[in-house]
Structures are given as structure tokens and as C-alpha cells.
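Chain by chain, the residues:
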Amino acid sequence: MNPPDTQAVREPSGSGWRRAQSGSSGLERYYRVIRERLGLIAMVTLTTTLVAAAYLAVATEQYKAEADLLVIPASREDTAFNGLAVIRDSSDPTRDVETAARLVDNVNVAKAVKEDLGLDQSAQALLSQVTAEPVAQSNIVAVTAVADSPDLARDLANGFVNGIVELRSRVVRAEAEKQIVGLKDQLQEASDGGGHCFAARA
């Protein structure tokens, strides 16, 4: 009996199992990714360009101007200003300047500026465009205005400075006039009283 036929099984060589891949550089892969994503890249670029163009179309340039207000508080020892609405000096000079800054940034000044400049904006809108801040270690209040044009920014800054000066001057004059009237009445009463006494002695 013949033994069964046996066939030798030959192990395939490594070259038969695998094919060597040609190496590709990082730059080539980069270009390949760009080609594959070219449509997406173009769409993103177009979108960002349109968004930027739309922003530039609606955005307006802003201009800033600044005017300085010098604050000179009245001495507490000066009795000539008793009863008048003036800023009195204190032990803390910074507080005096802060008080002046708060006086500048108020709706009454904004109304005066609105009227003087003939603006259509509301007083509250003007206030949102103006800030009044004390300058550190000084007796100066910096009034800064922001507007769509340099001329308007300048006029707003100067307008608020001039407005607070005019407003406070009117208040002080009105109070001074009241005191003058009161003093005249007292002098008249004293004069009338003295005349009656003299007549009685005669």
C-alpha cells in the first residue's frame, strides 16, 4: 500500500504577503487634505468675508474728545460763601474733585447741552456718551465725550464743562440774590425801628 501523497507547503515570502507602500511627505498629505476639503475651506472663507463686510457696512467710527474742569473749593473759613451752593474744601481733596465730577455727570447739565447745541438726542442719550472722572492727585475733572464725528465729540466735552459752570453759577446767583433781599429787608426793618425810637425821644 502506497503512502498518501504529501505535498510540501511552502511558506510565502514576506514580499508575497505585503506590498511596500511608497512613502509620502507631510507636505504632500497637507496638500491632499486641502484638495479634499477645498469646498469647505472656500465656504468658510466666503462666510467670514461676508460677515466682516456686513460689520463694516453698519459700523460707525467713534471719535473721542476731552475737556478739563479745574476745581477750586471755597475755604471753610471764608464766611462770604455761607449759605451758598459752592464746593467747600475738606480734609480729603480727592473727595472735593469727586463731588465736582458727580455734578458734571447729571441730567440737568445734559439738558442744557442738548438745548445749547440743538441736538435731537435725549438728555439720557447724551449722558451715555460722556464721562466725568477725577484726574488722580489733582484738582481737575476730565470730561470725555464719544461721538460719531470729531466736531460733535469736541462740542459735547466742552458743552458739559461749560454747562456745569453756567448751571452752578445760576444756582449761586439765585441764592446770593435771596440773601441780598433778606439783608435789605433786615436793614430796612432796622432803619424803620430806629426812626420810630428817634421820633419818640423828640
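To be clear, the structure that these remarks concern was listed above.
Bear in mind that the values here come from a model prediction, so they are computed numbers and not experimental data.

Colleague: Which residues make up the pattern of salt bridges, and what values do they have?
Modeller: Opposite charge on two side chains makes pairing possible when the charged atoms of those side chains draw close. Evaluation of the coordinates by the stated rule reveals four salt bridges. Two residues, Glu 166 and Arg 170, come together in a salt bridge whose shortest N-O distance is 3.6 Å. Residue Glu 166 and its partner Arg 170 are both found in helix H7 (residues 150-201); the two are separated by four residues, about one turn of the helix. Given a relative accessible area of 40%, Arg 170 falls into the partly exposed group. With relative accessibility at 38%, the residue Glu 166 sits in the partly exposed group. Sharing partners across several salt bridges, the network here consists of Asp 151, Arg 154 and Asp 155.

Colleague: Go over the side chain of Gln 129, please, and point to the residues and values.
Modeller: Within the fold, Gln 129 resides in the loop between helix H6 (123-128) and strand E2 (130-134). Assessed through its relative accessible area of 17%, Gln 129 is described here as buried. Here Gln 121 takes part through its side chain, which lies 2.4 Å from a polar atom of the side chain of Gln 129. Non-local contacts of Gln 129, meaning those with residues more than four positions away in its chain, are made with Gln 121, Thr 144, Ala 145, Val 146, Ala 147 and Leu 156.

Colleague: I'd like to hear about the pairing of strand E3 (residues 140-147), residue by residue, with values.
Modeller: On a regular strand, one side chain projects to one face of the sheet and the next to the other, so that they alternate. Among the eight residues of E3, six are classified as buried, and the element is accordingly described as predominantly covered. The sheet contact formed by strand E1 (residues 63-70) and E3 spans eight bridges and is antiparallel. Bridge assignment links Leu 69 to a residue of E3, and that residue is Val 141. Relative to E3, E2 runs antiparallel, the two sharing five bridges. Paired with Val 130 across the strands is Ala 145, a residue of E3. Between E2 and the antiparallel strand that follows it, E3, lie five residues; Gln 137 among them carries a positive phi value of about 55°.

Colleague: For a nonpolar patch on the surface, give the residues involved together with the corresponding values.
Modeller: There is a patch of nonpolar side chains on the surface, built from Leu 40, Met 43 and Val 44 and spanning about 290 Å² of accessible area. Along the polypeptide, Val 44 turns up in helix H3 (residues 38-58). For Val 44, a relative accessible area of 44% corresponds to the partly exposed category.

Colleague: Can you break down the environment of Thr 99 residue by residue, with the values?
Modeller: Relative to the helices and strands, Thr 99 is located in helix H4 (residues 93-104). For Thr 99, a relative accessible area of 26% translates into the label partly exposed. As for Thr 99 and Val 141, which are separated by 42 residues in sequence, their C-alpha atoms are 9.8 Å apart.

Colleague: Lay out the sheet that holds E2 in plain terms, naming residues and giving numbers.
Modeller: Either a parallel or an antiparallel arrangement is found when strands of a sheet pair, and the pairing is made through backbone hydrogen bonds. One open sheet accounts for three strands, arranged E1-E3-E2; its pairing is antiparallel. The open sheet is flanked by E1 and E2, the only strands paired with a single partner. Looking at each pair of strands side by side, their axes are set apart by 20° on average, direction ignored.

Colleague: Describe in detail the side chain of Thr 144, supporting the description with residues and values.
Modeller: By the secondary structure assignment, Thr 144 is in strand E3. Taking relative accessible area as the criterion, Thr 144 reaches 15% and is therefore assigned buried. Ignoring any residue separated from it by four or fewer positions in sequence, one finds Thr 144 in contact with Lys 64, Ala 65, Glu 66, Gln 129, Val 130 and Thr 131.

The rules behind each value
Residues numbered from 1 in each chain as written. Predicted model: local features only at pLDDT ≥ 70, side-chain atom pairs only at ≥ 80, totals over all residues. Heavy atoms only, no water. Salt bridge = Lys/Arg side-chain N within 4 Å of Asp/Glu carboxyl O. Helix = DSSP H or I, 4+ residues; strand = E, 2+ residues; numbered from the N terminus. Buried < 20%, exposed > 50% of the residue type's maximum accessible area, 1.4 Å probe, protein only. Polar contact = N/O pair within 3.5 Å; in protein donor to acceptor, adjacent residues only side chain to side chain. Contact = heavy atoms within 4.5 Å. Pairing = 2+ DSSP bridges. Patch = residues over 30% accessible without salt bridge, like charges linked within 9 Å, V, L, I, M, F, W, Y side chains within 5 Å. Areas by Shrake-Rupley, 256 points an atom, 1.4 Å probe, with all protein chains shown as cover. Axes fitted to C-alpha atoms, helices over the stretch in contact; angles between N-to-C directions.

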